[in-house]
Structures are given as structure tokens and as C-alpha cells.
Amino acid sequence: MSVSAKQLKTDFLIIGSGAAGLLAASRLAPHGQVILVNKGTFQDSSTWYAQGGIAGVSSDKDSFESHVQDTLAAGAGLCHEDVVRAIVRHGTEIIDELVEIGTLFDRKNGALHLTREGGHSSRRIAHAKDATGRAISEALLSQVAPHANIQRLEQHAAIDLITSRRIGKYQQNRCLGAYILNPDGEVLTIAAKQTILATGGAGKVYLYTSNPHAASGDGIAMAWRAGCSVMNLEFIQFHPTCLFHRQGSNMLLSEALRGEGAQLVDQQGRRFMPEYDERAELAPRDIVARAIDYEMKKQGADCMYLDARPIGKTAIVDHFRNIHARLLELGLDMTTEPIPVVPAAHYLCGGIKADVHGRTDIEGLYAIGETAATGLHGANRLASNSLLECLVMADYCATDVLKQPDMPVCPVPCWDASGIVPETERIQIKQNWDEIRATMSHYVGIVRSNERLRRARRRLRLIQDEIAAYYWKHPVSQDLLELRNLALMAELIIQSAQQRHESRGLHYSTDYPHTDAQARDTILKSDAL
Ligand code: FAD
Ligand code: SIN
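Note that this is a predicted model, so its numbers are computed, not measured.

## Details of the site of ligand 1
Then step 1. As a matter of local geometry, ligand 1 sits amid 39 residues, with T47, G53, D218, E370 and S386 nearest to it.
Then step 2. Here a nitrogen atom of ligand 1 and a backbone polar atom of Q51 are 3.3 Å apart.
Then step 3. Contact between ligand 1 and D218: a nitrogen atom at 2.7 Å from a side-chain N or O atom of the residue.
Then step 4. Of all elements in the fold, only α1 (19-28), α2 (46-49), β10 (157-163), β17 (339-348) and α12 (385-403) reach the threshold of two or more residues within the shell around ligand 1.
Then step 5. Among the elements that take part in the shell around ligand 1, α12 stands out by supplying 4 residues, more than any other.
Then step 6. Class assignment of the residues belonging to the shell around ligand 1 gives a composition of 14 nonpolar, 20 polar and 5 charged.

## Brief notes about the site of ligand 2
Then step 1. Every residue near ligand 2 is listed here: Q51, G52, E117, H239, L252, S254, E255, R285, H346, R381, A383 and S384.
Then step 2. One of the backbone N or O atoms of G52 is found 2.9 Å from an oxygen atom in ligand 2.
Then step 3. Take R381: an N or O atom from its side chain is 2.7 Å from an oxygen atom of ligand 2.
Then step 4. Of the residues contributing to the shell around ligand 2, the split by class is 2 nonpolar, 6 polar and 4 charged.

## As for the side chain of T335
Then step 1. Note on placement: T335 falls in the loop between α11 (321-329) and β17.
Then step 2. Overall, the relative accessible area of 12% leaves T335 in the buried class.
Then step 3. Among the polar contacts made by the side chain of T335, one reaches the side chain of D333 at a distance of 2.6 Å.
Then step 4. Not counting residues within four places of it along the chain, the set of residues in contact with T335 comprises R309, K313, I316, V317 and H324.

## What to know about the sheet that holds strand β16 (residues 304-307)
Then step 1. Strand order in this open sheet of 4 strands is β14-β17-β16-β15, and the pairing throughout is antiparallel. On the outer flanks of this sheet lie β14 (236-243) and β15 (263-265), each paired with one strand and no other. Sheet twist, expressed as the mean angle between neighbouring strand axes with direction ignored, is 45°.
Then step 2. As paired strands, β16 and β17 are joined by 3 bridges and run antiparallel to one another. Residue M304 lies in a different strand from β17, and its bridge partner there is V341.
Then step 3. In the packing of helix α9 (residues 285-299) onto the sheet, contacts are made with β14, β15, β16 and β17, and the angle to β14 comes to roughly 60°.

## Quick look at helix α14 (residues 450-471)
Then step 1. Taking 1.5 Å as the rise per residue, α14 with 22 residues should run 32 Å; its terminal C-alpha atoms sit 31 Å apart, in good agreement.
Then step 2. Considered for burial, the residues of α14 that qualify are L453, A456, R457, L460, I463, I467, Y470 and Y471. Around the axis of α14, the buried residues are gathered within 140° of arc, so they sit on the same side.
Then step 3. The secondary structure elements touched by the buried residues of α14 are β10, α13 (429-443) and α15 (478-499).

## Some thoughts on the pairing of strand β2 (residues 7-15)
Then step 1. With 7 of its 9 residues buried, β2 lies for the most part within the structure.
Then step 2. Both β2 and strand β3 (residues 34-37) contribute to a ladder of 4 bridges, which runs parallel. Across the sheet, the residue bridging to L13 is I35, located in β3.
Then step 3. Crossover handedness for the path β2 to α1 to β3: right-handed.

## Focus on the side chain of S254
Then step 1. Along the chain, S254 turns up in the loop between β14 and α8 (255-259).
Then step 2. Using a relative accessible area of 2% as the deciding quantity, one classes S254 as buried.
Then step 3. If we ignore the near neighbours within four places in the chain, the residues touching S254 are Q51, G52, E117 and I323.

## Some details on the pattern of salt bridges
Then step 1. For the structure shown, the criterion picks out 40 salt bridges.
Then step 2. Two residues, K39 and D218, come together in a salt bridge whose shortest N-O distance is 2.8 Å. One end of the pair, K39, is in the loop between β3 and α2; the other, D218, is in helix α7 (residues 218-226), and 179 residues separate them in sequence. Exposure class is identical for K39 and D218. Each is buried.
Then step 3. One salt bridge in this structure joins K297 and D293, with 2.8 Å as the shortest N-O distance.

## Some words on the packing of aromatic side chains
Then step 1. A complete count under the given rule lists 6 aromatic pairs for this structure.
Then step 2. Aromatic side chains W415 and W472 sit 5.9 Å apart centroid to centroid with 35° between the ring planes, which places their arrangement in the tilted category. Of this pair, W415 sits in the loop between α12 and α13 while W472 sits in the loop between α14 and α15; the two residues are 57 residues apart in sequence, bridging distant segments of the chain.
Then step 3. Ring geometry for Y471 and W472: centres 5.0 Å apart, planes at 90°, overall edge-to-face.
Then step 4. By relative accessible area, which is 3% here, Y471 ends up buried.
Then step 5. Of the aromatic side chains, those joined through ring pairs into one cluster are Y179, W415, Y471 and W472.
Then step 6. For R381, the ring lying beneath its charged end belongs to Y347, and the centroid distance is 4.1 Å.
Then step 7. The ring of Y471 has R484 lying over it, and the distance from NZ or CZ to the ring centre is 3.9 Å.

## So, α7
Then step 1. For α7, a buried count of 9 out of 9 residues is recorded, marking the element as mostly surrounded by other parts of the structure.
Then step 2. If you check which residues of α7 are buried, you get D218, G219, I220, A221, M222, A223, W224, R225 and A226.

## Notes on the pairing of strand β11 (residues 175-181)
Then step 1. Taking burial as the measure, the 7 residues of β11 include 7 buried ones, the bulk of the element.
Then step 2. When β10 meets β11, the two strands line up antiparallel, connected through 6 bridges. Its bridge partner being in β11, A157 is matched across the sheet by L181.
Then step 3. Where β11 lies against strand β12 (residues 187-197), 5 bridges are found, and the strand directions are antiparallel. Bridge pairing in β12 links L181 to V187.

Conventions used here
The residue numbering used here restarts from 1 in each chain and proceeds along that chain's sequence as written. Here chains are named by letter from A upward and ligands by number from 1 upward, in the order in which they appear as written. Per-residue local features are limited, in this predicted model, to residues with pLDDT of at least 70; the limit for side-chain atom pairs, both in listing and counting, is 80 or more; totals at the level of whole chains, interfaces and linings are taken over all residues. The basis for every side-chain value is the complete set of heavy atoms in the structure, and neither hydrogens nor water enter the calculation. Any residue with a non-hydrogen atom lying within 4 Å of a molecule or strand is treated as near it. Polar contacts here mean pairs of N or O atoms no more than 3.5 Å apart (in protein, one a potential hydrogen donor and the other a potential acceptor; neighbouring residues in sequence count only if both atoms are side-chain atoms). Secondary structure is summarised from DSSP: a helix means a run of H or I of at least four residues, a strand means a run of E of at least two, and numbering begins at the N terminus for each. Basically, the charged four are Asp, Glu, Lys and Arg, the nonpolar ten are Ala, Val, Leu, Ile, Met, Phe, Trp, Tyr, Cys and Pro, and anything else, Gly included, counts as polar. When accessible area is computed with a 1.4 Å probe and restricted to protein chains, residues below 20% of their type maximum are described as buried, those above 50% as exposed, and intermediate ones as partly exposed. Note on definitions: a residue-residue contact is assigned when non-hydrogen atoms from the two residues lie within 4.5 Å. In this scheme, strands are said to pair when DSSP sees at least two bridges between them. Fitted lines through C-alpha atoms serve as axes, helices being fitted only where they are in contact, and the angles separating the N-to-C directions of these axes extend from 0 to 180 degrees. Expected helix span is given by 1.5 Å per residue-to-residue step, counting one fewer step than there are residues. Within this analysis, the arc is defined by the directions that extend from the helix axis to the C-beta atoms. The path from the first strand over the helix to the second decides the hand: if it runs clockwise while the strands point away from the viewer, the crossover is right-handed. Salt bridges, as used here, are contacts in which a Lys or Arg side-chain nitrogen is within 4 Å of a carboxyl oxygen on Asp or Glu. Note on aromatic pairs: the rings of Phe, Tyr and Trp (six-membered ring only in Trp) are paired at centre separations within 6.5 Å, and the planes decide the class, stacked below 30 degrees, edge-to-face beyond 60, tilted for the rest. Working rule: Lys NZ or Arg CZ, within 6 Å of ring centre, within 35 degrees of ring normal, means a charge sits over the ring.

This is how it looks when you write it as C-alpha cells:
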């Protein structure tokens, strides 16, 4: 597989090893050489931290049609129904396969135990206690790890994609591989027949997020720079219930808690959700997050509270054992007291524009999982539909990749470091990172306005200019490349929000509080090349 220490070539390059990347790797490995890259360890993915479960029709009392209708309702008129149907109808098989490869889902009386979350009209979430992502990751890893055709590169961060146009070859723009930073600070050039981005979301654009550090939107930024369109980036899902606590600010309190009976209350113990929606705590997330935000602003409160006591101590300690244990470590006992919560950035409904197979605007480049926007989620994702999308897309993507005509790996130039000059003044990476996240949280959060978006864009432009002036003259490092990507992501989110002159799903503007009769996607076209 290796050409030299700094050059590799492979049949399939997969960037990202969450649910989407792992399943794609195991599907493609029997057919060729796979390089599977992640910029941390196998635990540093949103997949690893997924709590509630994976949605899919696994009970006689449920139906595909009902799952489709719930997904369309949550998506607020913007889902692509063909995509919804293609993904939902494959859910049962995917969950069966996860069971076969050893995912330890909870069971009751021999059948899968299904939990419930907001927006679902039935119990349809298969789960492994409150640590479903870890159980799925371990099962997928057990397939990937021993495979001789899969070379795993941990702590390797993709910097940019290599495209034919960028290197001045061929008329048609084609992805030829990627430049990857290794842990020693060297840049590897990986040439590949097919490249798959499975790089997850971008929650780190915000100050408060449930996402792990890896979620800095790298895949979307790389794809944009390579010439891909991006879609619906204004739809950022804020999870209503993240812990409000100095030492555990990004810890998620699963929606399954509300599914099993937990209630939202204010500091006086008043339950407020029935005033906002007849589904109360089980309304879709946009409604619950906005209600919490509204109550916090109205009452001048720092947080609201999740009261899990209606679930009962035994059920809490059994089903929610990890959340319960972690809270105890922080001095909070959810079996006896309400837990302080705030909404936090959780999921990116938009992403690289892709079809259900992950095909993007560029030949030889696929995008799957959270980094892609297929139209499944529309303007708001239905809880637990994301793991489902990752796995179904990975499966469809592998099938499509294997249908492509075989061609030799194209030779590509090594990373060009000729512009690097001796360091003068180092860019303030942490300060810029903090400024981006604070700007996005204060101006581009749950409630937006024209003026707030304009202010945010002005601030972002200054930071981007500073990064652009610095980037090519200095050795690349992981924190620098993440900063560059984060700033671009923030800019693209703001641009997308500015293009939507209505309120729909997760995008709410005080200047445009109505919903247009005609739903449309926001598509930004890259003029990179
Ligand atoms: P991820 O799992 O995020 O993996 C991204 C991968 O890309 C990582 O390996 C990372 O290292 C790698 N990467 C990123 N950038 C680079 C780069 N530049 N170079 C190399 N590698 C890179 N969804 C559900 O359906 N059910 C749930 O119960 C649920 N619970 C959740 C709980 C939490 C706390 C969070 C954060 C999310 C939850 N979600 C849930 C959402 C869901 O987990 C994610 O959408 C999904 O796991 C994304 O999977 P992925 O494979 O697309 O990306
Ligand atoms: C949760 O457990 O609340 C997260 C579920 C999801 O994001 O789909």
C-alpha cells in the first residue's frame, strides 16, 4: 500500500471513523485496500457518545409509514420524501445486522426493548442502556480491527482534498485523495481511487455543545474548498437538555429520559412544556429548546431543570446507569432532585450536498453521515434518526463505490510547503477559537435576527482575514487547521441563515417570524475552483 514514508496509495480512503466511516470500511474491505483515518482515537466521535439509541421499525405495532410520517413532521416541510423512505425502509435490516455483529441492545421478553423520544408516535428506539453509540462502535470496530485490508491511521488529521482541478489535470473535477497531517507533524499525501468523507458535525462552532472536540466541521470545509455545494447549514439542532454545570457543561441528558417520563420544570418546580405544545416534553426538539430558551429569558434564569423522578429510582438506575453515575460524580442525584439543564448545539442538519449514496458534486468524492445533507432531516432532525442515516448511507455508499469503473490510482503531487517562512508573530489560535464560538452563540443561536447575523459576519470576516494571512506561511498544525475550518463553517452557517427569509424548524428569525408556503433548501455553491 505504501509508496514511500510520506506517500501512500489506496483503493478507498475513508476520512472519519464514527458509525458512517466504520461501516463503510467494513463493507469495502473485501473488495480492496482501505485507509481509515481519524484525527483522534476511535473514541473521539459523536457516535461513541450517542446515548438514546437508533430509530428503526422493529415492532409489529409500528410501521415504516408511521416512521416516515414522524420524520416528515419533524422536518417541517423540508425533508426530501424519497430520501426519507429510502433510509427508513432500510432501518430494520441495519438494526438486525447490528445485533448479528454483537451490539448488545437491551432486550425484554426476548425482543428488543424499544424506548421513546420526542416526535416519535411509537416506541421505536433500539438502545443499549444509555450508551448506545459505544455499543454500536465496539461492534463495528470488531469487524474493522482484524481486517487485513484496512490500514487504520489514528491521530491523523486530514488537511485538504486533492482534486484534479487543483493540480491542473483533466477537464472534469475529480477527487484524487487527500493531504493528511501525521502525529509527527509531517504531511502524508494519500492518493485514492475513491475518497469518502465521514467526518461528522460541527458543534464546536458553538460555546455550549454536546459534541466531542472532533466536531469542527473539517469535512464540510474541505469539501467546500474543493468545490462542493453545501446545503441547509442554518439548521443547527440545539438539544434541549444538556447539563448546566461548571465541570460537565457538555454532558447530554438523553431525550429518552423525557421519553420515559422525565419532566421539564423551572426553579420553582413549575412544569411549563404543556403551555407550549400538547405533546409537552415529547414535542420535537426545536419546540422544546425554544421553550426552555424563552423561559430562561423571561425569568432571567441561567437554566431550567429536568425532573427525572417520575421515572422511578429502579428504572433510572437500570436504563440510565451511565448518566446517573456521571451525575453522582458531579454531586447531583437525579433520583432525588431535578437536574439543571440548558439547550446546547447538538446536531448539524445541513452539510455537504449529497444524495442518499453520498455522491457529491465531485467525482470520486462521497460524503456520508452527519457531514452530509441528504434531505432526510429537512429543517429539524427527528431524534435517533442520525445513527440510522449514518449506517444506511454507509451501506448505500459502499454499493455505489463498488459499481464505479476500476481505474488506476492517479499520481498526485506532494504537499507544497515552499511558502513557509520563519515564524514571526504566532496567531492566537485559542483566542480566535473562543471568539468564533462566543460570536456564534450570542448572534447565531436559537433565535436570530438580520442585525445579529450582520454583526456576526463582520466579526467572522476579521478573523478569517487574519487566518488567511497566516495559514500558508506557517507549518500546518492540527489546531491551526481546525481553527481555519471552524471559521469557514461559521461563515457558511451565517451566510445560509441570511439567505432564509422565513422561520422554519430550527431556524427562527425575529425579522421573518412566518413560514413561507413554499419550502426550499438553502444551497451555497462553492466558487473555489
Ligand atoms: P462521528 O461519529 O462524529 O465521527 C466523525 C469522525 O471524523 C471521527 O472519527 C473524527 O476523528 C473524524 N474526523 C473529523 N475531522 C477529521 C479530520 N480533519 N481528519 C481526520 N478525521 C477527522 N444520534 C442518534 O441517532 N441517536 C442518539 O442517541 C444520539 N445521541 C447523541 C449523543 C451525543 C452526546 C452526540 C454528540 C450526538 C448524538 N447523536 C445521536 C448524533 C449522532 O451520534 C451523530 O450524528 C453520529 O454519530 C455521527 O456519526 P458520523 O459517523 O457521521 O460522525
Ligand atoms: C439523546 O439521547 O437525547 C440523543 C438522541 C439524538 O440526538 O438522536
